[in-house]
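Structural description and commentary
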Amino acid sequence: MAPDQAYRWLMSACAPSAGDGFDQHVFASILSLAIGQMAERQVSLAVTSGLDSVALAEIGAQLFPDAAPALAAMAQGATPIVEIEEQSIREILLMYASTPLPLSRPLAQLLARRCNEPHHLWQDLGLRNRGELSTLMERHFARLRTRNQNDMKWKKFLFRMVCGSEGFTLCPAPVCTECDDFAGCFGGEDGIAQLTHSHGDDIPPAAFVEENHTVH
Ligand code: SF4
């Protein structure tokens with residue numbers, strides 16, 4: 001299934017009672033890109049999303065009830081292999097989770113898996129812009145958002161935290177302001193979104209629209 005088609009499919013399967021629409025949009029965006037990569041890479045959704053069939057069924061039941069069985073089946077019974085760095089990112093995110101685990105745990109697993117992709121993190125999550133990633137972090141990992149007070153690029157920030165937690169650093173300078181790699185860690189993360197986010201005829205809830213027009 002193409003990513004844009006998957007996004008429409010998931011958004012049309014939303015649970016009407018599940019919040020203001022932002023979480024559905026975030027999960028649908030990430031899962032849509034992961035679904036699109038299944039055919040491209042000839043792998044299961046477990047590989048591209050980092051979630052096994054149980055986790056996919058659970059997130060489906062919470063947010064996309066009509067699509068839950070199909071989502072779970074896309075894992076094809078596989079268990080994602082999680083390398084050490086990815087596991088560390090999962091654990092750091094969960095340590096700072098500010099929303100209940102049924103939502104923050106799969107989100108941490110998705111984010112950690114998508115950190116392996118090559119673009120800006122907001123792009124590899126299928127979001128519209130970096131502001132949506134900031135909103136996501138504020139909502140689900142609020143204390144981590146606070147720690148990233150200098151607004152370092154999120155992928156860099158997470159990998160730097162992994163290094164710190166393992167007692168070493170790859171940084172070539174003691175402070176960021178004196179570092180030759182400053183532009184690589186901070187600054188703009190412009191780019192083109194990987195999804196068009198078309199809902200068909202659906203109109204997103206007002207709060208969701210408002211949030212997604214916030215510039216960060
Ligand atoms: S700017 Fe330099 S010192 Fe700061 S996090 Fe990046 S690599 Fe490390």
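These figures come from a predicted structure and were not determined experimentally. (Residues numbered from 1 in each chain as written. Predicted model: local features only at pLDDT ≥ 70, side-chain atom pairs only at ≥ 80, totals over all residues.)

Section: the nonpolar core
If you look at the biggest cluster of nonpolar residues, it comprises 50 residues, and the most contacted ones within it are L10, I30, L31, L56 and L133. Here the element with the most residues in this core is helix α2 (residues 22–41); it accounts for nine residues. Setting aside residues no more than four positions away along its own chain, I30 makes contact with L110, R114, L125 and G126. (Core = buried A, V, L, I, M, F, W, Y, C linked by C-beta atoms within 7 Å. Buried ≥ 20, exposed ≤ 12 C-beta atoms within 10 Å, placed from the backbone. Helix = DSSP H or I, 4+ residues; strand = E, 2+ residues; numbered from the N terminus. Contact = placed C-beta atoms within 7 Å.)

Section: the environment of W154
Position of W154 among the secondary structure elements: in helix α11 (residues 154–165). Sequence separation between W154 and S32 is 122 residues, and the spatial gap between their C-alpha atoms is 21 Å. Sequence-distant contacts of W154, defined by excluding residues within four places in its chain, comprise L121 and L133.

Observations concerning the packing of helix α4 (residues 53–63) against helix α7 (residues 101–114)
The interhelical angle for the contact between α4 and α7, taken along N-to-C directions, is 130°, at an axis separation of 10 Å. Classed by the angle they form, the pair α4 and α7 counts as oblique. Both α4 and α7 take part in a crossing whose hand is left-handed. Across the interface between the two elements, A55, E58, I59 and Q62 of α4 pack against P102, L103, P106 and Q109 of α7. Across the contact of α4 with α7, the residue classes tally to five nonpolar, two polar and one charged. (Axes fitted to C-alpha atoms, helices over the stretch in contact; angles between N-to-C directions. Parallel < 35°, antiparallel > 145°, perpendicular 65-115°, else oblique. Left-handed = near helix turned anticlockwise from the far one by under 90°. Nonpolar A, V, L, I, M, F, W, Y, C, P; charged D, E, K, R; others polar.)

Some points on the environment of F141
Structurally, F141 can be placed in the loop between α9 (130–140) and α10 (142–147). As for F141 and V47, which are separated by 94 residues in sequence, their C-alpha atoms are 24 Å apart.

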